Amino acid sequence: MVFTRSASNPILSRDDIPDAPPDVIDATSVFNPGAARVDGRDLLLLRVQTRGRRTCLMTAESEPGPADGSGAAFTVRRELVELVGFEEMGREIHHVYDPRVTLLDGAWHVVLAVDVDSTCRLAVARTDDFRRLELVGKVAAGGRTRWDDVRNGVLFPERIGGSYAMLLRPNRKAIGDGPSSGDEIVLGTSDDLVNWRERGSVMSGRWHSWDELIGPGPPPVKTRDGWLLVYHGIATHLATAWIYQAGVVLLDLEDPTRVIARGRDNVLEPRESWEMTGQVPNVVFPSGLTVDHDADGFAGPDTELTLYYGAADTCVGRATTTVGRLIESCRLE
Ligand code: BMA
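Residues numbered from 1 in each chain as written. Predicted model: local features only at pLDDT ≥ 70, side-chain atom pairs only at ≥ 80, totals over all residues. Heavy atoms only, no water.

(A) Focus on the pattern of salt bridges. Under the defined criterion, the tally for this structure stands at 24 salt bridges. Across the salt bridge formed by Asp42 and Arg37, the nearest N and O atoms sit 2.7 Å from each other. Among the residues examined, Asp42 registers a relative accessible area of 8% and is labelled buried. On the basis of relative accessibility, which here comes to 25%, the residue Arg37 falls in the partly exposed class. Close ionic contact of Asp294 with Arg224 constitutes a salt bridge, the shortest N to O distance being 3.0 Å. Of the two residues, Asp294 sits in the loop between β20 (284–291) and β21 (304–311) while Arg224 sits in the loop between β16 (221–223) and β17 (226–238), which places them 70 residues apart along the sequence. Three or more residues joined by partner-sharing salt bridges are found here, namely Arg146, Arg172, Asp183, Glu184 and Glu198. (Salt bridge = Lys/Arg side-chain N within 4 Å of Asp/Glu carboxyl O. Buried < 20%, exposed > 50% of the residue type's maximum accessible area, 1.4 Å probe, protein only. Helix = DSSP H or I, 4+ residues; strand = E, 2+ residues; numbered from the N terminus.)

(B) Quick peek at the sheet that holds strand β3 (residues 41–49). If you trace the 4 strands from one edge of the open sheet to the other, you get β2-β3-β4-β5, paired in antiparallel fashion. With one partner strand each, in any of the chains shown, β2 (29–38) and β5 (74–76) form the two edges of the open sheet. Adjacent strand axes in the sheet meet at a mean angle of 30 degrees when their direction is disregarded. Two elements, strand β4 (residues 55–62) and β5, share 3 bridges in a ladder whose sense is antiparallel. (Pairing = 2+ DSSP bridges. Axes fitted to C-alpha atoms, helices over the stretch in contact; angles between N-to-C directions.)

(C) How the structure looks around the site of the ligand. As a matter of local geometry, the ligand sits amid Asn32, Arg47, Asp98, Arg151, Tyr244, Val280, Phe285 and Asp313. Contact distances for the ligand include 2.8 Å between an oxygen atom and a side-chain N or O atom of Arg47. With respect to the ligand, the side chain of Asp98 contributes an N or O atom lying 2.6 Å from an oxygen atom. Burial of the ligand by the surrounding chains reaches 85%, relative to a free accessible area of 300 Å². Taken atom by atom, the bulk of the ligand overlaps the largest pocket. For the shell around the ligand, the class distribution of residues is 3 nonpolar, 1 polar and 4 charged. (Near = heavy atom within 4 Å. Polar contact = N/O pair within 3.5 Å; in protein donor to acceptor, adjacent residues only side chain to side chain. Areas by Shrake-Rupley, 256 points an atom, 1.4 Å probe, with all protein chains shown as cover. 1 Å grid on protein atoms, 1.4 Å probe; cavity = no way out; pocket = protein on both sides within 12 Å on 5 of 7 lines; lining within 4 Å. Sits in = over half its atoms within 2 Å of the grid points. Nonpolar A, V, L, I, M, F, W, Y, C, P; charged D, E, K, R; others polar.)

(D) Region of interest: unusual backbone geometry. Between Asn9 and the following residue, Pro10, the backbone shows a cis peptide bond with an omega angle of -15 degrees. Mapped onto the secondary structure, Pro10 falls in the loop between β1 (4–5) and β2. The residue after Pro21, namely Pro22, is reached through a cis peptide bond having omega 10 degrees. Tracing the backbone through its elements, the reader meets Pro22 in the loop between β1 and β2. Located in the positive-phi region is Asp105, a residue other than glycine, with phi close to 55 degrees. Relative to the helices and strands, Asp105 resides in the loop between β7 (93–104) and β8 (107–116). Look at Leu193: it is not a glycine, yet its phi comes out positive at around 70 degrees. Among the secondary structure elements, Leu193 is positioned in the loop between β13 (184–190) and β14 (196–204).

(E) Structural context of the side chain of Ser287. Following the sequence through the fold, Ser287 ends up in strand β20. Non-local contacts of Ser287, meaning those with residues more than four positions away in its chain, are made with Asn32, Pro33, Gly34, Pro99, Arg100, Pro218, Tyr308 and Tyr309. (Contact = heavy atoms within 4.5 Å.)

(F) Molecular detail of the layout of surface pockets. Volume-wise, the largest pocket comes out at about 690 Å³. Counting residues per element, the ones that place at least two in the lining of the largest pocket are β2, β3, β7, β11 (150–155), β17 and β18 (241–251). Broken down by class, the residue content of the lining of the largest pocket amounts to 12 nonpolar, 12 polar and 7 charged. Size it by volume and the second largest pocket reaches roughly 450 Å³. Lining the second largest pocket are 19 residues, and of these Leu103, Trp108, Pro157, Val291 and His293 sit closest to its centre. For the lining of the second largest pocket, the secondary-structure elements that each account for two or more residues are β2, β7, β16 and β20. (Points joined across faces, edges and corners; volume = space filled by probe spheres on them.)

(G) How the structure looks around the sheet that holds β7. If you trace the 5 strands from one edge of the open sheet to the other, you get β6-β10-β9-β8-β7, paired in mixed fashion. For this open sheet the edge positions go to β6 (82–84) and β7, each flanked by a neighbour on one side alone. Looking at each pair of strands side by side, their axes are set apart by 35 degrees on average, direction ignored. The pairing of β8 with strand β9 (residues 119–127) spans 9 bridges and is antiparallel. Across the sheet, residue Val111 finds its bridge partner in β9, namely Val124.

Shown next as structure tokens:
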């Protein structure tokens with residue numbers, strides 16, 4: 001097994017969400033968190049859904065873990081994360097969700113999906129305390145209309161060739177009876193995090209495999225072997241029974257449109273009852289990742305990597321592995 005699930009899984013479920021009236025009272029679910037390592041402790045930016053099916057963001061801070069190795073416990077702050085400037089995203093904002101947190105230029109940057117008017121757009125925001133997210137801009141790409149409907153985006157933790165870089169997954173039309181989704185991850189670059197240019201395709205879904213539809217997960221990890229990206233893949237199977245899993249790919253450090261190695265198998269799939277049953281069954285959705293880097297900015301092969309993921313759109317799971325094991329998984333073709 002590539003990943004080891006934490007003994008205290010699910011690490012967060014609706015019972016851990018404090019009421020924050022008037023918005024959150026007896027929350028329905030908590031899932032798809034972004035993650036940040038702050039002063040050696042992990043912090044999660046949570047997607048919380050209310051009984052009115054409104055979406056709120058809340059923050060969970062970790063406490064030192066017990067000696068049994070089950071990992072740190074999290075406490076959720078009794079307040080909503082404030083969204084500042086998001087009215088720029090469009091006329092009517094329905095949901096802001098699935099945050100991907102990247103440390104870039106020494107500041108926490110967050111890419112979020114925003115259901116706005118009749119589409120889904122990406123927002124780039126910045127925060128220094130995870131209490132307030134300030135909009136940097138609505139992600140736009142010149143005349144590329146396919147960027148007008150995008151649900152998954154994640155920033156690289158540094159500039160590449162002098163530019164900011166993002167992996168994103170434009171939505172295409174709905175497949176079968178499913179929601180709109182997509183089967184291609186592309187690379188965008190920008191000088192200001194607002195105006196983007198599409199640089200080309202990174203990878204496509206593999207039909208009849210576990211990853212027919214795909215989208216980038218948490219921020220790529222810089223290793224000496226390349227950028228290590230955890231992504232989600234969907235087996236559409238029957239139109240009504242999509243299975244969400246996590247897999248890995250290694251991308252060239254200087255030109256991330258070049259795939260060095262892509263794993264054949266998924267590295268995490270719904271197996272536990274709380275991953276298979278919930279609001280949306282059979283979902284592991286990798287969205288947060290924490291790992292330490294050496295003095296040169298690389299994550300070494302023996303370094304532990306912690307993945308945070310949404311399970312069945314209902315609760316939050318945690319699993320650990322090493323950077324080296326994930327690189328090995330990429331090379332299993
Ligand atoms: C995707 C996103 C995720 C969600 C998943 C499963 O398209 O909307 O937020 O976890 O579907 O419902």
